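Spelled out, the chains give:
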Amino acid sequence: MAVLESEQLQIAEGILRQFFPESLKVYGCLFNINRGKPHNIEVIADSWPAFKVILCRPKRQGVLDREGDFNIHSIFSRDKESLGKLLQRPGVIDWNRFSLLAGVDLKHLDVVKDLALSRNVPARTQTVVYVMTLEDSSQLRQLPEHSDAGCRLARLSPSHAELVNANWSFGGDRNSYNSVLNYISHNPSLCVLDERGKPISWILMYQHCALGLLYTLPDHRRQGHAKLLVTEMSRQLLEQGYPVYCFVEEENQISYQLFTSLGFRHKPDYRAVWFQLSLRQQAGSSGAPAL
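Position numbers for residues start from 1 in each chain and track the written sequence from start to end. Residue-level local features of this predicted model are given only where pLDDT is at least 70; pairs of side-chain atoms are given and counted only at 80 or more, and the full residue set underlies all totals for whole chains, interfaces and linings. Hydrogens are left out, water is left out, and the side-chain values use all remaining heavy atoms of the structure.

## Things to note about the confidence of the model for the protein
Applicable threshold: One confidence number per residue, pLDDT, is output by the predictor and ranges from 0 to 100. Two residues form a contact once any of their heavy atoms are found within 4.5 Å.
Across the protein, pLDDT averages 93, with 94% of residues at or above 70. This stretch, residues 281-286, has a pLDDT under 50; its non-local contacts, to residues over four places away or in other chains, come to 13 contacts.

## Quick word on the nonpolar core
Going by this rule: Working definition of a nonpolar core: buried Ala, Val, Leu, Ile, Met, Phe, Trp, Tyr and Cys residues. They are joined through side-chain atoms within 4.5 Å. The buried label goes to any residue with under 20% of its type's maximum accessible area, the exposed label to any with over 50%, and the partly exposed label to all in between, with areas taken from a 1.4 Å probe on protein chains only. By the criteria applied, helices consist of DSSP H or I runs no shorter than four residues and strands consist of E runs no shorter than two, each listed in order from the N terminus.
Counting 75 residues, the largest nonpolar core has Leu30, Val43, Ile54, Leu204 and Phe264 as its most contacted members. It is helix α2 (residues 24-33) that contributes the most residues to this core, seven residues altogether. Residues in contact with Leu30, not counting those within four places in the same chain, are Leu9, Ala12, Glu13, Leu16, Val43 and Cys56. Counting 22 residues, the second largest nonpolar core, distinct from the first, contains Val104, Leu109, Val121 and Phe275.

## Quick look at the layout of surface pockets
Rules: The distinction between a cavity and a pocket rests on a 1 Å grid over the protein atoms alone: a 1.4 Å probe fits inside a cavity but cannot get out, while a pocket stays open yet meets protein on both sides within 12 Å along at least five of seven lines, and a residue with an atom within 4 Å of a point counts as lining. Grid points are joined across faces, edges and corners, and a volume is the space filled by probe spheres set on the points. Classification used: nonpolar for Ala, Val, Leu, Ile, Met, Phe, Trp, Tyr, Cys and Pro, charged for Asp, Glu, Lys and Arg, polar for all others including Gly.
Of the voids in this model, the largest pocket is the one considered here, and its volume is about 1,100 Å³. Taken together, the residues of the lining of the largest pocket sort by class into 18 nonpolar, 12 polar and four charged. A volume near 310 Å³ is recorded for the second largest pocket. Considering the residues around the second largest pocket, the lining is formed by 22 residues, among which Asn40, Ile41, Asp65, Glu67 and Gln207 are closest to the centre. Sorting the residues of the lining of the second largest pocket by element identifies α2, β3 (53-58), α3 (66-69), β4 (72-77) and α7 (174-186) as the ones contributing at least two each.

## Considerations on helix α1 (residues 6-16)
Applicable threshold: Directions pointing from the helix axis toward each C-beta atom define the arc.
Of all the residues in α1, the buried ones are Leu9, Ala12, Glu13 and Leu16. Taken around the axis of α1, the buried residues stretch over an arc of 105°, which confines them to a single face. Elements that come into contact with the buried residues of α1 comprise α2, β2 (41-45), β3 and β4.

## Focus on helix α8 (residues 225-239)
Under the convention used in this document: Multiplying 1.5 Å by the residue count of a helix minus one yields the expected span of that helix.
With 15 residues, α8 extends 21 Å from end C-alpha to end C-alpha; this agrees with the ideal 21 Å at 1.5 Å per step. Taken together, the buried positions of α8 are occupied by His225, Leu228, Leu229, Val230, Thr231, Met233, Ser234 and Leu237. Looking one or two residues past α8, Gly241 carries a phi angle of roughly 90°, positive in sign.

## Quick notes on the packing of aromatic side chains
Cut-off, in case you're wondering: Put simply, two rings from Phe, Tyr or Trp (the six-membered ring, in Trp's case) pair if the centres are within 6.5 Å, and we call them stacked under 30 degrees between planes, edge-to-face over 60, tilted for the rest.
Evaluation of the coordinates by the stated rule reveals 14 aromatic pairs. Taking 5.5 Å as the distance between ring centres and 90° as the angle between the ring planes, the aromatic pair formed by Tyr245 and Phe247 counts as edge-to-face. An angle of 80° between the planes, with centres 5.1 Å apart, marks the rings of Phe259 and Phe264 as edge-to-face. Relative accessible area serves as the criterion here: at 6%, Phe259 is assigned to the buried category.

Dropping the structure here:
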């Protein structure tokens, strides 16, 4: 087992590109770390340099944001046997503390379930998601002319964090506000402003580089804002070298149809899982995952 340092993180980022889409969540974490973005992440590999599993976990416990609240561990595994061996090592996971294992390959999930069962740790699948990717701007669909001529596009500012958090289905508390403020302050974002300069639709990027928090205020829906934001944000990110991807829950057909209509695709035989361990949710948590 190896805790990766600066030079190793740079090398690992390059290696992980070979394993898209399965590696995208961990790749996104390393992408931002390697570009100096603030983070509370420790990166562990089962071996180095020929790793088969990489796990990103909180470096410090008790941080008051969404990631700390859910004790999120992002995982990439090339095979389930290697994943099982790493998770069994002392100190890799605190099996007695609530944890959210994010991005576990559905084909490897049984080994995590078996380990939880062997330790008598309550556990459950939180959600199963498609990993929707866009490789280049030529895949983007041509949009009709935007119908709301009085609006303009802009980046979100920290002053908008309260509005975004209040309308985030996984947010609404102080910890989620802190995460939203961090996303806006350090990552790309885009919004539609009305004539008064108020955001009426927006999209952000998580600290693992996935698109998320896409939302339009109810009075401004069915005007093409979401499609415009996804399209323009994707173009900008591709120009800057970011991976362009998002997670869509299997049952969320509205989001699935939106992203596929814009050219996003997923690997037919791959799903990622958010899996809860311990089930002892911390105070103030809504029980929903931060995708």
